[in-house]
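Read off the chains here:
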Amino acid sequence: QVQLVESGGGLVQAGGSLRLSCAASGRSFSRNIMGWFRQAPGKEREVVAAIDWSGGSTYYADSVKGRFTISREYPKNTVYLQMNSLEPEDTAVYYCAAGGPRTVLANHHSYDYWGQGIQVNVSS
């Protein structure tokens, strides 16, 4: 079985920083793309950032560009999301996801594996 486990969430004041980690375990699987999504109460799930697993090219939503950085570490099968200059609008449950060759980057329905989600709260 394949598991994605997020860690690093919590409560932080506006202007602070957090780093989320997503560790993959289990049998090998295609992971052309790994991404971070978030979902606030009453809102649709939206892509935050994504990375090509082998090539390392990245994508960021306009709302987080310049503040968040996605990266991956091959030996640990781990993807990270460094979040700086956090704002109350960043408050949400954050999900790690992995997709294969046919995954469409911004379409959460096309991803194959998901983590359990982790809460990030940013206070004023």
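Along each chain, numbering runs from 1 in the same order as the chain's sequence is written. Note on the predicted model: pLDDT of at least 70 is required for a residue's local features to be given, and 80 or more for side-chain atom pairs to be given and counted; whole-chain, interface and lining totals, by contrast, use all residues. To get the side-chain values, take all heavy atoms of the structure and skip hydrogens and water.

J.: Would you take a moment to explain the environment of histidine 108 for this structure?
T.: For histidine 108, the location among the structural elements is in the loop between strand 9 (92–99) and strand 10 (113–114). Expressed as a C-alpha distance, the spacing of histidine 108 and valine 48, which sit 60 residues apart in the sequence, is 11 Å. In contact with histidine 108, other than residues within four places in its own chain, are Phe37, Arg45 and Trp114. Only DSSP runs of H or I with at least four residues qualify as helices, and only runs of E with at least two residues qualify as strands; both kinds are numbered from the N terminus onward. Contacts are residue-level and defined by heavy atoms, with any inter-residue pair within 4.5 Å sufficient.

J.: So what exactly am I meant to see when it comes to the sheet that holds strand 7 (residues 68–73) here?
T.: What holds strands together in a sheet is hydrogen bonding between their backbones, with the strands either parallel or antiparallel. Note: two strands are recorded as paired if DSSP finds a minimum of 2 bridges between them. Strands sit in the order 1-3-8-7 across an open sheet of four strands; the sheet is antiparallel. In the strand order of this sheet, the two ends are held by strand 1 (2–7) and strand 7, each with one partner. Ignoring which end each strand starts from, the neighbouring axes of this sheet average 15° apart. As judged from the six bridges shared by strand 1 and strand 3 (residues 18–26), these two strands associate in the antiparallel manner. Across the sheet, valine 5 pairs through a bridge with alanine 23, a residue of strand 3. All axes are obtained by fitting lines to C-alpha atoms, using only the stretch in contact for helices, and the reported angles, taken between N-to-C directions, cover 0 to 180 degrees.

J.: Help me understand the nonpolar core, please; the structure alone is not making it clear to me.
T.: General note: in soluble globular proteins, nonpolar side chains tend to be found buried as a group. Among buried residues, the Ala, Val, Leu, Ile, Met, Phe, Trp, Tyr and Cys ones that are joined through side-chain atoms within 4.5 Å form a nonpolar core. Burial classes: relative accessible area under 20% of the type maximum marks a residue as buried, over 50% as exposed, and values in between as partly exposed (1.4 Å probe, protein chains only). Counting 28 residues, the largest nonpolar core has Met34, Trp36, Leu81, Met83 and Tyr94 as the members making the most contacts within it. Dropping the residues within four chain positions of it, methionine 83 is found in contact with Gly16, Ser17, Leu18, Leu20, Arg67, Phe68, Tyr94 and Val120. Of all hydrophobic cores here, the second largest spans six residues; its members include Ile33, Phe37, Val47 and Ala97.

J.: Even after reading the chapter, I still don't get the side chain of arginine 67, so can you show me in this structure?
T.: Mapping arginine 67 onto the fold places it in the loop between strand 6 (58–60) and strand 7. Two N or O atoms form a polar contact when they lie within 3.5 Å of each other; inside protein one atom must be a possible hydrogen donor and the other a possible acceptor, and for residues adjacent in sequence the pair counts only when both atoms belong to side chains. Looking at arginine 67, its side chain comes within polar contact range of the main-chain oxygen of serine 63, at 2.9 Å. Ignoring any residue separated from it by four or fewer positions in sequence, one finds arginine 67 in contact with Gln82, Met83, Asn84, Ser85, Leu86, Glu87 and Asp90.

J.: I tried to follow the side chain of threonine 78 on my own but got confused; where do I start?
T.: As for its position among the elements, threonine 78 is in strand 8 (residues 78–83). Separated by 2.7 Å, the side chain of threonine 78 and the backbone oxygen of lysine 76 make a polar contact. Setting aside residues up to four positions removed in sequence, threonine 78 forms contacts with Ser21, Cys22, Ala23, Trp53, Ser71, Arg72 and Glu73.

J.: Looking at this structure, how should I read the state of the cysteines?
T.: Note: disulfide means a covalent bond formed between the sulfur atoms of two cysteine side chains. The definition used for a disulfide is geometric: two cysteine sulfur atoms within 2.5 Å. One pass over the full model with this rule turns up one disulfide. The partner cysteine of cysteine 22 in its disulfide is cysteine 96, sulfur to sulfur 2.1 Å. Judged by the torsion about the S-S bond (-80°), the cysteine 22/cysteine 96 disulfide is left-handed. In this pair, cysteine 22 sits in strand 3 while cysteine 96 sits in strand 9, placing the two residues 74 residues apart along the sequence. Judged by relative accessible area, cysteine 96 falls into the buried class, the value being 0%.

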